[in-house]
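# Breakdown of the fold
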Amino acid sequence: MQASNMQTKLKHTVMALTATTALCSVATPGVAEEVSVFDEIVVTATKRGGLGLQDVPFAVQAVSGDALSKRGAVDFDDFFRQIPGVAVFDQGPGDKRYIIRGVNSTGAGTVGLYMDEVIITGENAQDGGGRQPDIKLFDIDRVEVLKGPQGTTFGSSSLSGAIRYITKKPDLTEVQAAGSVSLRKTEGATLGWNMESAVSLPVVENKLAVRVAGYYLDEKGYIDNVLADNVNNEKTYAGRLTLLAEPTDKLTFSLMAMYQDMKTDGPGYFNRVDYTGASISRNDYFQADLTRARFQDETQIYNATLEYSLDQGSLTATASLFKRDTLFDRDSSLALEAFIGLDADGAGRSIITQPKSRELQSYEVRYASDFEGPFQVLAGAFLQKERRDFRSAILGSDAQGNIAQPEIPFLDRISHTEIDELAFFGELSYAITDRLTATGGLRYYDFDLSEVSTSVTGFGGGAGSGQGPEMTSRDDGLIFKGNLAYDVSEDINVYLQVAEGFRSGGVNDQTAAAIANVTIPEGYGSDSVINYEVGFKSYLLDGKLKANLAAYWIDWSDIQLQDQASDGQLEFPYRGNGGGATIKGLEVELLAFPVERLELGLNMNISQAELNQDNPIATSGQKGDAIPYIPEFTLSASAMYSWPVGPDGMEAIVGADVNYVGGRNTELRPDSSLFIKLDDYALANARIGVETDRWSATLNLQNIFNDDTVTDVFRVISGVYPEGFIFNHPRTVMLSFSVKM
């Protein structure tokens, strides 16, 4: 989709939304008995117990599990455009980077990711896959998106915010069961489907209950290569078991275990030229790969949480384990042809395979007060142990595009990483008056990292140099948060907040650099942000309009970035620290019920994210350069209407939404050979259905106009491989049936 067509496409999508709204306004005029205008979502974002979403004194949005189901959402990509200030750097399943308020750079994630109490934040410390995991949204109570640094309560890598998946819990009093099945037809693909189910059983009434949930997705692909058709398919299955016990009125204990397995036969990009440079003339989407580029992602999540109610507060202790094993393959045939002269379609046909195993143990104990006076306290301690094993090997391929057996290594290296973190955190709140509350928070952190890498096979197939030196990195510090919240009235709240976030530093793989015959720095330091924010939350027009606004200014220092070292022929990437950036923005969230049963929504973000000084290596970034993948403007508008159509509370629902994303750039420097200006685009979706308290049937249409705008560019080795273009998911029709009891 070219930028010149953008105004026409945006006009069409707005017309579609307007038409839907008009239809809603003239639909069946019958009016049922009055219902509450706003269903307030209770969130636990402050770690001080449940608060109504509008009562949280900082920017946070929440999407309920029911709302996600009605949209047909299966993962984060299906709803993030509805949240102002959120973007995604997406290079396929298991290789996503979530971005909040324009804080985006290489290195560990800048957004903390949680499932209940479990830290599942991704990382990409090595050059393989392993960024944020694609956790499927089944049996979810809500998703909370916390904007701005959450460092005092959520720690490292919540540099710009945090995303929390909150699962549904067992019911201690009654049997519950729910299930759904969806048929999915994507343009250019065959028929796919997904299903989910959940059962909650009280084992001992009011004392002990268990909940079991399962999920399966068969998503068909629509991109071909010389080896197979529809290679960008995805098959995922997952299960979760939760146990809840309340032996006394004051003691609650819960256990959770989850397993998810995801596989895809190929990446989601297409090429415009093949490995010889000749244009690909096929009309459909086609890859030039000569071998199979599979991705596998196996995730295990475990948690035990104990909560004890005291006379003046509550004590929470939680222990978690997150295990993730990924296998990321991609074609390396052209690299061997370019650098050691082996024919890409002959002796050089090969695969670079990068398996990674990661285990993250975390423990936290915290106390949240419930004093009668003006003072309230949150205090806690946190311990985390992380272990990673990574292999990067170029192995010969057989004629079918699989790794040849026995293995034929052209390069092989491994690394083992250990990270230990200890932290103490606390917040003190004081109610200056009945309406004015001041809060201050601190977090002390201490990181220790060690890494040992081994060159098993040198580039070309000779013996490697063996084990390299142990590389270490240590970092400690103190970060802060200050918040002033004022209740103007029962329906209007304003707040001021200054908060700091951080992301720890690390080391560079010297063994890999030696293979490439370049010299790189031993490591890089932490980076940090200070976020200045003013916000307004309100119910207006007699409670028919919810209007929230937040304006922010972010100072980002010592940005972690990717530099390049060269031996004159080959460039080798490494991690370093750059200068600083300033990010300014405004978020708007509006939700209105102008007449009964009609819901209108508008979410908008305006931002400017630029370097405020030159990087130490000026060719990598200069003052005024825009931060990659950050649109200056995003807009999401929605409309939904429901009306009674039959007995037993049966209702019909019709809705639509349009999501606009402004242009972005792929690199800092406009004169970089890798710089591409990505076009803006708009996606329109619609849905219609019938529902009762017990069942529902919904027809969803996503990407109505089949917008195929390129959203990212994939490069194996720039200048050697043809560029791969990632584009919006084609038009998809979903027919869903659900039942609950």
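Described below are features of the structure shown in this document. (Residues numbered from 1 in each chain as written. Predicted model: local features only at pLDDT ≥ 70, side-chain atom pairs only at ≥ 80, totals over all residues. Heavy atoms only, no water.)

So, on to the overall build of the protein. Broken down by element type, the protein carries 5 helices and 43 strands. The C-alpha atoms of the protein give 26 Å as radius of gyration, which agrees with the globular expectation for 741 residues (27 Å, within 12%). In terms of overall dimensions, the protein has a C-alpha envelope of 75 × 55 × 55 Å along the principal axes. Here the protein holds 741 residues, and the buried ones make up 53% of them. Within the protein, contacts between residues separated by at least 24 positions form 67% of all contacts whose residues are at least 6 apart in sequence. (Helix = DSSP H or I, 4+ residues; strand = E, 2+ residues; numbered from the N terminus. Rg over C-alpha atoms; globule rule 2.2 N^0.38 Å. Buried < 20%, exposed > 50% of the residue type's maximum accessible area, 1.4 Å probe, protein only. Contact = heavy atoms within 4.5 Å.)

Paired through backbone hydrogen bonds, the strands of a sheet run either parallel or antiparallel to each other. Taken in spatial order, the 5 strands line up as 3-8-9-6-7 in an open sheet, and their pairing is mixed. Two strands lie at the open edges of the sheet, namely strand 3 (60-64) and strand 7 (118-119), each paired on one side alone. With 5 bridges joining them, strand 3 and strand 8 (residues 140-147) adopt antiparallel strand pairing. Residue pairing for strand 8: Ala62 is matched across the bridge by Glu144. (Pairing = 2+ DSSP bridges.)

A separate point is empty space enclosed by the protein. A complete count under the given rule lists 8 cavities of 30 Å³ or more for this structure. Considering only enclosed or pocket space, the second largest cavity measures out at about 160 Å³ in volume. Ranked by residue count, the leading element in the lining of the second largest cavity is strand 19 (residues 313-331), at 3 residues. Its residues placed into classes, the lining of the second largest cavity shows 8 nonpolar, 5 polar and 4 charged. (1 Å grid on protein atoms, 1.4 Å probe; cavity = no way out; pocket = protein on both sides within 12 Å on 5 of 7 lines; lining within 4 Å. Points joined across faces, edges and corners; volume = space filled by probe spheres on them. Nonpolar A, V, L, I, M, F, W, Y, C, P; charged D, E, K, R; others polar.)

Turning to helix 4 (residues 333-340), its buried residues are Ser333, Leu334, Ala335 and Leu336. Packed against the buried residues of helix 4 are strand 19, strand 20 (350-369), strand 21 (375-396) and strand 22 (409-431). Downstream of helix 4 by a residue or two, Gly341 has a phi angle that is positive, lying close to 80 degrees.

Now for unusual backbone geometry. The omega torsion across Gln405 and Pro406 is -5 degrees, close enough to zero to call that bond cis. Tracing the backbone shows Pro406 in the loop between strand 21 and strand 22. Phi at Asn206 takes a positive value of approximately 70 degrees, unusual for a residue other than glycine. Inspection of the secondary structure puts Asn206 in the loop between strand 11 (191-204) and strand 12 (208-219). Accessibility expressed as a relative area gives 43% for Asn206, which makes it partly exposed. The phi dihedral of Arg597 falls on the positive side, at around 80 degrees, and the residue is not glycine. Along the chain, the position of Arg597 falls in the loop between strand 33 (580-592) and strand 34 (598-611).

By themselves these figures say nothing about function.
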